[in-house]
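Remarks on the overall topology
Listed below are the residues making up each chain.
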Amino acid sequence: MSNELTIHRTQTGPKHEERMTQNGEETGLHQPSESPLNRVSDDNDSRPLKTSIVDTKTFKEHNDALKLQQIARNGSGDLSPYLPQPPSLPRVSRGRKCGLPEEAVRTRRLRNSQESLSDPAETGSSTDSLKEDRAAPTSGGFVFNDTVLKNEQDSTVGPAATTKPMVFRYRGSSLSEYERRPNSQESDPIDLSGRSGKVRLSPVQPTGPLPVLERSFASATSRAANRIDRDCLDYCALAREKLGEKLNRNNSDSRLLENMGSDSASVNSMRSNYSVLSPIIPQDMRNRSFLEGSVLGSGALLGAEELDRHFPNRRVGIYVATWNMQGEKGLPANLDDLLLPTDSGCAQEFYVIGIQEGCPDRREWEVRLQETLGPHYVMLHAASHGVLYLTIFVRRDLIWFCSEVEHATVTTRIMSQIKTKGALGIGFTFFGTSFLFITSHFTSGDAKVYERILDYNKIIEALALPKDLPDTNPYRSTASDVTTRYDEVFWFGDFNFRLSKDRTDVEAIMKRTVDGVMDPLLEHDQLSKEMKDGSIFKGFHEAEIHFLPTYKFDMGCDVYDTSSKQRTPSYTDRILFRSRQAEDITAVKYTSCSNIKTSDHRPVIGVFQVKLRPGRDNIPLGAGQFDRSVYLEGIRRRITRELKRREAMKNQNNSTICSLS
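In short, a report on the structure. Model, not experiment: these values are computed from the prediction.

Along its length, the chain carries 15 helices and 14 strands. For the chain, with 661 residues in total, the buried portion stands at 41%. Counting only contacts in the chain whose residues sit at least 6 apart along the sequence, the fraction spanning at least 24 positions is 71%. Split by element, the accessible area of the chain, about 36800 Å² in all, is 52% carbon and sulfur.

Right, dumping it as structure tokens:
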């Protein structure tokens, strides 16, 4: 038979020798043990006997008992061929089975180093001692290392041969494979029967089609570092709780990683390993003119390629705020509620703040704005017209794509020396899109609607902008309306339009409003009526109003005017917008700031997404200019405030008194 298994037994004196012959070849039943005391040599054989004796005395008694049994069966002294019985499976101790994998690995490594020194032939694997980690041989048992006893066809070996075949560890397995196995696979050798080689896991195949990679980012404009500073801990916590983690994108790597989505981490996690600078080919430098770049030219600083790198969806975020300060000297202690509301997920690229009846110290106001926005923003431009202030901040890494900034003023008073009513406008170009921001203060009075319309007409005719900047679309511009000479226009301020209703009726309507639905109030709004008639703000739009009237409050509280005049609450503070192309401007947020109560007006804020277009290199750039003195003073105040806060916390901790009762 192919798998015939016999044992030839010879006796030379007191020593015994067993050899197993399989197909005429001699193989040792056991491997040599580590200790020299367990090796038994034959005087007639120069080669050491490959037998591992666990207990010499028990082994001899076992052989003598087998010999007597054979004599009794045959009835004579002749020995019949001996049919071996498979040894019993070694018993795994509980301590070894339940032990930690780390302890087994440490023990195994120590034994490997010792075995390598005691291996005379230096042919054994360094993992031979794994058998000791899994099971310990019992008395009278044998330890097998390399041979798997197979008896699939011969049934004459004995009844025990039909039992589950014995499996021995494959010598080629490495320590790392053993360590990588989970605890569920580290069972006793019984579970490993039938395996004679390395365990190879088949690759895991998906049961269905893989999901498509999500590439629609919550904010696809440049959001690499526009998270609000860590000083505003309440902002970050509330933003994550309400809006979840925003998916951000490192726009500087949009070309290198255009097929990859980005994760939602912080500013540090969004830093790229790639350089923002792309290589420049000398041949391109020979063929390209940087003085007159085209829109589609790859070398244009304001062209499509550069625009797509920073704004993949070609939309920029703009934050607009308008506030009538009522000329108060004292500024709010904290402007975070005005510029950094807690219900916004990300900061915007531009911050535009218009003030009417501003505080006397305009410089202090600008420093306070810089202190609030922090080092990520710089003041692009600031202008004033009497007590009208207009300030624009931009992310400092985007200032290189801004053109020169121009501003102009208009006075609507009869005497031009009195500059309390009028308008102030600032215009510039960002990439290939021109922007105009106007803040104004119209004539006051409940019944002076016609005078306010005259103020509007005078401003659009007299505001002399642009001056030196080229018109991005001169075919759609008119000389009589400044708002037609820019791509995107935002007009905000105290327009002084009132509600044409008695105060008692207005208060009754406000009490009936539910879920911010202000349509019953807006039915009596003078500005809404005139815009529908087309007599003012032609082509302008306003986002839906879901907040209460912002005028007129008593100072420091949420109670409307209790003075003798009993003024009717009205929507005097508004933000309007218009664009040359339809749907270029999308209103994201439009509300009032009720936490600032230092004036009889409540500030109104609006967040917008504006579409951008690539530009030409003939646009005069601002060369990264900004007000450095305001920037340094604002950052210095932030540092000072933080140091004072830490010092106060330190003193508070040191002043704590522990008493023992």
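There is more to say, and it comes next.
So, about the nonpolar core. Counting residues in hydrophobic clusters, the biggest one holds 51 residues, and the most contacted among them are Val316, Ile318, Phe350, Phe430, Phe435, Phe437 and Phe490. Top element by residues in this core is strand 9 (residues 422-430). It accounts for four residues. Among all residues touching phenylalanine 490, those that are not within four sequence positions of it are Ile318, Val320, Leu436, Phe437, Ile438, Leu576, Phe577, Ile585, Phe608 and Val610. Counting residues in hydrophobic clusters, the runner-up holds 28 residues, among them Tyr319, Leu373, Tyr377 and Cys593.

Strand 11 (residues 488-494) sits mainly inside the fold: seven of its seven residues count as buried. Strand direction decides the pairing type here: strand 10 (residues 433-441) and strand 11, joined by seven bridges, are parallel. Its bridge partner being in strand 11, leucine 436 is matched across the sheet by valine 489. On the question of chirality, the crossover connecting strand 10 to the parallel strand 11 by way of helix 11 (residues 449-462) is right-handed. Summarising the sheet, strand 11 and strand 12 (residues 573-579) pair through seven bridges and their orientation is antiparallel. Bridging from a neighbouring strand, phenylalanine 492 pairs with isoleucine 575 of strand 12.

On to the environment of methionine 510. Position of methionine 510 among the secondary structure elements: in helix 12 (residues 503-512). In this structure the C-alpha to C-alpha distance between methionine 510 and proline 549, which are 39 residues apart in sequence, comes to 9.3 Å. Those residues in contact with methionine 510 that lie beyond four places of it in its chain are Leu521, Leu548, Pro549, Tyr560 and Pro569.

Time to look at the packing of aromatic side chains. Inspection of every chain in the model, using the stated rule, returns 28 aromatic pairs. Measuring from centroid to centroid gives 5.9 Å for phenylalanine 428 and phenylalanine 435, while their planes differ by 20°, and the two rings are stacked. As far as burial versus exposure is concerned, phenylalanine 428 and phenylalanine 435 are alike and both buried. Pairing tyrosine 456 with phenylalanine 537 gives two aromatic rings, centres 4.8 Å apart and planes at 55°, and the pair type is tilted. Here the residue tyrosine 456 occupies a position in helix 11, and phenylalanine 537 occupies one in the loop between helix 14 (526-533) and strand 12, the gap between them amounting to 81 residues. By relative accessible area, which is 2% here, tyrosine 456 ends up buried. Taking relative accessible area as the criterion, phenylalanine 537 reaches 2% and is therefore assigned buried. Members of the aromatic cluster, joined through ring pairs, are Phe311, Phe350, Phe401, Phe428, Phe430, Phe431, Phe435, Phe437, Phe490, Phe577 and Phe608.

One open sheet holds the five strands; their spatial order is 8-9-10-11-12, and the pairing between them is mixed. The open sheet terminates on both sides in strands that have one partner only, identified here as strand 8 (406-411) and strand 12. When the angles between neighbouring strand axes are averaged without regard to direction, this sheet yields 15°. The sheet strands contacting helix 11 are strand 8, strand 9, strand 10 and strand 11, and the helix crosses strand 8 at an angle near 145°.

On to unusual backbone geometry, then. Excluding glycine, a negative phi dihedral is what most residues carry, and trans is how most peptide bonds are arranged. For the peptide bond that leads from leucine 465 to proline 466, omega is -5°, which places it in the cis range. Looking at the element boundaries, proline 466 is found in the loop between helix 11 and strand 11. Going from tyrosine 551 to lysine 552, the amide bond is cis rather than trans, its omega being 5°. Locating lysine 552 in the fold gives a position in the loop between helix 14 and strand 12. Even without glycine at this site, phenylalanine 537 takes up a positive phi of about 50°. Positive phi, normally seen in glycine, also occurs at alanine 623, with a value near 60°.

Reading the values: the criteria
Residues numbered from 1 in each chain as written. Predicted model: local features only at pLDDT ≥ 70, side-chain atom pairs only at ≥ 80, totals over all residues. Heavy atoms only, no water. Helix = DSSP H or I, 4+ residues; strand = E, 2+ residues; numbered from the N terminus. Buried < 20%, exposed > 50% of the residue type's maximum accessible area, 1.4 Å probe, protein only. Contact = heavy atoms within 4.5 Å. Areas by Shrake-Rupley, 256 points an atom, 1.4 Å probe, with all protein chains shown as cover. Core = buried A, V, L, I, M, F, W, Y, C linked by side-chain atoms within 4.5 Å. Pairing = 2+ DSSP bridges. Right-handed = clockwise from strand over helix to strand, strands pointing away. Phe/Tyr/Trp six-rings, centres within 6.5 Å; stacked < 30°, edge-to-face > 60°. Axes fitted to C-alpha atoms, helices over the stretch in contact; angles between N-to-C directions.

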